[in-house]
Amino acid sequence: MFSIPDLAAWFADPVHWDGRYGLWFLLLEHIAITLAALLLAAVVALPLGLAIGHTGSGEFLVIGLGSISRAVPTMGLLFALVLLWGVQLRDFSLLVALAAIAIPPLLAGAYAGVTTIPWGIRDSAKAQGMTGFQRIRYVEFPLATSSMIGGMRIAFIQVVSTVVLAPLVGLGGLGFGIVQGLALRNYSQVVASSLVIIVITIVGSQLLGWLQQRTGDRLDPPHPLEKK
Amino acid sequence: MEWFFANASFVAGLALTHLSIVIVPLVLGSILAIVGARLVRARWVPGTTTVLSAVYAIPSLALFVALPALIGTPFIGPTNVMIALTVYAMASMYFSARDAFSQVPPSTKTTATALGMSPLQLFVHVELPMAIPGLISGLRVVSASTVSMAAIGAVVGVRNLGYLFLDGFQRRIPEEIGTGLVAVFVIAMAFDLGLWLLGRALTPWRTRGGQRV
């Protein structure tokens, strides 16, 4: 019922790449949904995480949200939101359900980014007479970037693999190939769609990992005499 | 609530299936990860890290349906879900286990070796007990995510608590979805509490007389 040559033939057939439910469109849609959810989560979580790290109060929120969110199945949350807000707002429900899993790692990343800056740096910024806002803008935010990107990487991995659930509420993305393929017992399509998702997940997380490493050099720059 | 009381035995049955699908992967995955974290040679650590973080990046639904193609298991049924959950539990637990073992002070290990302990004795009597706090906190993370991830198995025909989400959505019964969410959450929290108690019981020297040593 499934074989590697079948899979290769499936990929080779241009019919499976073009059109509304072709791989190209679904791929772009998958990436667009992922980015929109990450953006929504970042707008909420990053300022909040920076503020918690800056003031040092509200740390329970970072830890609590992290452990609670792991125990909430996204599929159930998504279905509940769609029923609650109506099918017409299902795009929004999807983004909220996805943002819910992206917020805890982003929050933790921003918070840890600020709190792991050596005390001396934050204190000297204060001693220079910088206001609270200036310290966040010119000291804490730039130095926390690497950790925030690290949080973004974890959030990306989880969101990009959860977008697969979108077709269960009638939306698109590469999960469409999986859900439709399962229903039609077209397992080449199922495996092909899964492979594409795995590839974009790995590429995206490598990209963010590389970005994280590059921005990490700001806090811990290589010694000038050290050969790279 | 009414829906829950009217269907309590049905929900209980689904919860039992859910538990049975979660427990085997949790136990198996954790043991493999803990032993693996200790056995992998320093030379292979970067490679293992790359492979396991790539494995962890695979979408669960995708792995549930890709497994039959890879290893020839039947497409529908609990086997794939259990294998996939084992793989995820192992990939995630491996990193916590490695951190936990690296926190055992080298001087303690040297002392144990100097006392004449064999590598196996060193592992069982020194490294494992001292790594317990780290291992337990890793297990708490893994158990919560495994319990909630198992629900997705309902999409590939496993009748566990995730079935409440699918059925509740198709038949427009919000209470059914709510029941599922609460049930999964309760099971996850029960695991969390159990592991916390286990951690306390296994490390009596940390809490004896109210003093943390």
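Undergrad: I would appreciate a short explanation of the overall build of chain A in the present structure.
TA: In terms of helices and strands, chain A carries 9 helices and 0 strands. Secondary structure elements in chain A, listed N-terminal to C-terminal, are α-α-α-α-α-α-α-α-α. Seen along its three principal axes, the alpha-carbon backbone of chain A occupies a region of about 70 × 50 × 25 Å. Here chain A holds 228 residues, and the buried ones make up 44% of them.

Undergrad: Would you mind going over the overall build of chain B with me for this structure?
TA: Each helix and strand in chain B was counted, giving 9 helices and 0 strands. Mapped from its N terminus to its C terminus, chain B presents α and β elements in the order α-α-α-α-α-α-α-α-α. Within chain B, the fraction of its 213 residues that count as buried is 40%. Counted over contacts in chain B with a minimum sequence separation of 6, partners at least 24 positions apart contribute 72%.

Undergrad: Can you help me understand the interface of chain B and chain A in this one?
TA: The parts lose accessible area when they come together, and the size of an interface is often stated as this lost area. Contact with chain B, which involves 34 residues of that partner, is made by 28 residues of chain A. Mapped by element, the contributors of at least two residues to the side of chain B that touches chain A are α4 (60-71), α7 (119-150), α8 (162-170) and α9 (174-202) of chain B. Residues belonging to the side of chain B that touches chain A are distributed by class as follows: 26 nonpolar, 7 polar and 1 charged.

Undergrad: Can you help me understand the confidence of the model for chain A in this one?
TA: The predicted structure's coordinates, where accompanied by low pLDDT, should not be read in detail. On average, residues of chain A score 87 in pLDDT, and 94% of them reach the 70 mark or higher. Considering each helix and strand of chain A separately, the mean pLDDT is smallest for helix α1 (residues 4-12) of chain A, with a value of 81, and largest for helix α2 (residues 23-55) of chain A, with 94.

Undergrad: What is the right way to read the packing of helix α4 (residues 74-85) of chain A against helix α5 (residues 90-115) of chain A from this model?
TA: The angle between the axes and the distance between the axes are what describe a pair of packed helices. All names here are of chain A. Interaxial distance between α4 and α5 falls to 9 Å at its minimum, and their mutual angle equals 145°. Both α4 and α5 take part in a crossing whose hand is right-handed. From α4, Thr-74, Leu-77, Leu-78, Leu-81, Val-82 and Trp-85 reach across to α5, where they touch Arg-90, Phe-92, Ser-93, Leu-94, Val-96, Ala-97, Ala-100 and Ile-101. Residues of the contact of α4 with α5, tallied by class, amount to 11 nonpolar, 2 polar and 1 charged.

Undergrad: Just to check I follow, could you spell out helix α2 (residues 8-39) of chain B for this structure?
TA: Two residues of an α-helix separated by three or four positions point the same way, owing to the 3.6 residues in each turn. Compared with an ideal rise of 1.5 Å per residue, which puts 32 residues at 46 Å, α2(B) spans 46 Å between its outermost C-alpha atoms and is within 8% of the ideal. Where α2(B) is buried, its residues meet α1 (2-6), α5 (78-102), α7, α8 and α9 of chain B.

Rules behind the numbers
Residues numbered from 1 in each chain as written. Chains lettered and ligands numbered in written order. Predicted model: local features only at pLDDT ≥ 70, side-chain atom pairs only at ≥ 80, totals over all residues. Helix = DSSP H or I, 4+ residues; strand = E, 2+ residues; numbered from the N terminus. Buried ≥ 20, exposed ≤ 12 C-beta atoms within 10 Å, placed from the backbone. Contact = placed C-beta atoms within 7 Å. Nonpolar A, V, L, I, M, F, W, Y, C, P; charged D, E, K, R; others polar. pLDDT = per-residue confidence, 0-100. Axes fitted to C-alpha atoms, helices over the stretch in contact; angles between N-to-C directions. Left-handed = near helix turned anticlockwise from the far one by under 90°. Expected span 1.5 Å × (residues − 1).

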